[in-house]
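Chain by chain, the residues run as shown.
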Amino acid sequence: MRESDTSYKAMNSGSAGFRLCGCLLIACLALAVVLGWLTIRIVPPGYVAVVSTFGHVDAPSLEAGVNFCNPFATTVLFSTKTSLLEQTNHVPTKEGVTVELDLALLYHVQADKANDIYRNIGENFVDVVMQPELASAVRGLTSEYDASALYTSGRAEMQEKLQTWLTTVLEAKGIAVESVLLKGVVLPQLLKDSIEQKAQAQQEAARMQYVLQKEKQEAERKKIEAGGIAEFQRVVSQGISSEMLMWKGIETTAEIAKSSNAKIVLIGNSKDSLPLILGDSMGQQPAYTQPAASPALPPTASP
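A. Region of interest: the overall build of the chain. Helix and strand content of the chain: six helices and 11 strands. For the chain, the proportion of its 303 residues judged to be buried stands at 25%. Taking contacts inside the chain between residues at least 6 apart in sequence as the whole, the part at least 24 apart equals 63%. Total accessible area on the chain stands at roughly 20,500 Å², and carbon and sulfur atoms take up 60% of it.

B. Geometry of the pairing of strand β6 (residues 83-92). Along β6, the buried face is formed by Ser-83, Leu-85, Gln-87, Asn-89 and Val-91; none of Leu-84, Glu-86, Thr-88, His-90 and Pro-92, which line the opposite face, is buried. Linking β6 to strand β7 (residues 98-109), which pair antiparallel, is a turn of five residues; within it Gly-96 sits at a positive phi near 90 degrees.

C. Fine view of helix α3 (residues 125-142). Spanning 18 residues, α3 covers 25 Å between terminal C-alpha atoms, matching the ideal 26 Å at 1.5 Å per step. Along α3, the residues that are buried comprise Phe-125, Val-126, Val-129, Met-130, Leu-134, Ala-137, Val-138, Leu-141 and Thr-142.

D. A look at the pattern of salt bridges. Counting across every chain of the model gives six salt bridges. In this structure, Glu-157 and Lys-161 form a salt bridge, with 3.7 Å as the shortest nitrogen-oxygen distance. One end of the pair is Glu-157 and the other is Lys-161, both in helix α4 (residues 154-171) and four residues apart, which spans about a single turn. The partly exposed category is assigned to Lys-161, whose relative accessible area is 37%. A salt bridge links Glu-218 to Arg-221, with the shortest nitrogen-to-oxygen separation between them at 2.7 Å. With Glu-218 and Arg-221 both in helix α5 (residues 189-239) and three residues apart, the pair spans about one turn of that helix. Among the residues examined, Glu-218 registers a relative accessible area of 30% and is labelled partly exposed. Overlapping salt bridges bring together Glu-218, Arg-221 and Glu-225 as one network.

E. Representation of the packing of aromatic side chains in the model. Per the stated rule, a full pass over the model turns up three aromatic pairs. Look at Phe-78 and Tyr-118: their rings are 6.2 Å apart centre to centre, the planes differ by 80 degrees, and that puts the pair in the edge-to-face class. Linking Phe-78 in strand β5 (residues 74-79) with Tyr-118 in helix α2 (residues 114-120), this pair joins segments that are 40 residues apart in sequence. Counting every residue linked through ring pairs, the aromatic cluster contains Phe-78, Tyr-118 and Phe-125.

F. Expanded view of α4. Its 18 residues give α4 an end-to-end C-alpha distance of 25 Å, which sits within 8% of 26 Å, the value for a rise of 1.5 Å per residue. Restricting attention to buried positions, one finds in α4 the residues Gly-154, Met-158, Gln-159, Leu-162, Leu-166, Val-169 and Leu-170. All buried residues of α4 fall inside an arc of 135 degrees around its axis, so they share one side. Within α4, the exposed residues directed more than 90 degrees away from the buried face are Glu-160 and Thr-168.

G. Spatial organisation of the confidence of the model for the chain. With 73% of its residues at a pLDDT of at least 70, the chain reaches an overall mean of 77. Between the elements of the chain, mean pLDDT differs from a low of 38, seen in strand β11 (residues 300-301), to a high of 92, seen in α2. Predicted confidence is poor over residues 281-303, with pLDDT under 50, and the contacts of this stretch with residues over four places away or in other chains come to 23 contacts.

H. Focus on unusual backbone geometry. Residue Phe-54 is not a glycine yet carries a positive backbone phi of 50 degrees. Among the structural elements, Phe-54 can be located in the loop between β2 (47-53) and β3 (56-62).

I. Main features of the side chain of Thr-93. Note on placement: Thr-93 falls in the loop between β6 and β7. Once residues within four sequence positions are removed from consideration, Thr-93 is found in contact with Val-99, Thr-142, Ser-143, Tyr-145, Asp-146, Ala-147 and Leu-150.

J. Highlighting the sheet that holds strand β8 (residues 175-186). Spatially, the three strands line up as an open sheet ordered β6-β7-β8, and their pairing is antiparallel. Edge positions in the sheet fall to β6 and β8, since each of these pairs with one other strand and no more. Adjacent strand axes in the sheet meet at a mean angle of 25 degrees, parallel and antiparallel pairs treated alike. Where β6 and β7 come together, 10 bridges link them in antiparallel fashion. For Thr-88, the partnering residue across the bridge sits in β7 and is Asp-102. Strand contacts of α4: β7 and β8, with the helix running at about 145 degrees to β8, the strand carrying the most contacts.

K. Representation of the nonpolar core in the model. Judged by nonpolar contacts, the single largest core of 36 residues is most densely connected at Leu-105, Tyr-107, Phe-125, Met-130, Leu-162, Leu-166 and Leu-170. Ranked by the residues each element gives to this core, the list is headed by α3, at eight residues. Apart from residues lying up to four places away in sequence, Phe-125 is in contact with Phe-78, Tyr-107, Val-109, Ile-117, Met-130 and Ile-175. By size, the runner-up hydrophobic cluster in this structure holds five residues, among which are Val-43, Ala-49, Val-51 and Leu-62.

What counts as what
Residues numbered from 1 in each chain as written. Predicted model: local features only at pLDDT ≥ 70, side-chain atom pairs only at ≥ 80, totals over all residues. Heavy atoms only, no water. Helix = DSSP H or I, 4+ residues; strand = E, 2+ residues; numbered from the N terminus. Buried < 20%, exposed > 50% of the residue type's maximum accessible area, 1.4 Å probe, protein only. Contact = heavy atoms within 4.5 Å. Areas by Shrake-Rupley, 256 points an atom, 1.4 Å probe, with all protein chains shown as cover. Pairing = 2+ DSSP bridges. Expected span 1.5 Å × (residues − 1). Salt bridge = Lys/Arg side-chain N within 4 Å of Asp/Glu carboxyl O. Phe/Tyr/Trp six-rings, centres within 6.5 Å; stacked < 30°, edge-to-face > 60°. Arc of directions from axis to C-beta. pLDDT = per-residue confidence, 0-100. Axes fitted to C-alpha atoms, helices over the stretch in contact; angles between N-to-C directions. Core = buried A, V, L, I, M, F, W, Y, C linked by side-chain atoms within 4.5 Å.

Structure (structure tokens):
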């Protein structure tokens, strides 16, 4: 009995040790699987991952795709895509007028500077750096321009200067500026009314300038027309003499005298006087008349 009990105990002891070894092996395999899984980092497209192990930032950052790192490390994602930052500012102009200016900033994080951004600024770099820098740059630039420049040709110049300023400041921190846009300008009502009145005055001045130009052209046209008429009269007067008029009068009298109609001819007593011929109707106007230089002779019937 004792030998059988001893052999039974030995078998139980060996079985327990085997089970313990099996459990340890399974635990080790499970731990290895877990640790192996923890070393895998999948970074989505358009991002980089900054690796931090126990407070130390590892270099380089992880690119998009499957990566392996320390299982105890933590990763922070930074987007390298084009991002939009919108901001509304109440800024003073050169005249001291406060206007509301809406801005849009397009930017992206430089992939090779992600570690520096995380180390020196942190994940909230937009609120910490970009918002204050944008507001400061806008306020500094608008104070150099009149309010009218915000909605005229000065707008493009201001955008260019603003982009140059922000590029210089932000690129040193690892942020690339793509574009700066002035989206909208809200002017005070008093300034709006003044601008509208000025525009109306300019339009009225332009209209009056047009009217004046038109009147000048019309006056010039009339002047040319009057000169033409005067020249015509001068040429005609040079071609007409008293002898010609006398001859035309005689021809007309001869033609009328040939008519079979009854008529009355009044003959003047001067060589320059032409006959006055009256037909059947005394109310009719003579074909050709010329005032007599002296009282007319008594009327006589023509042959």
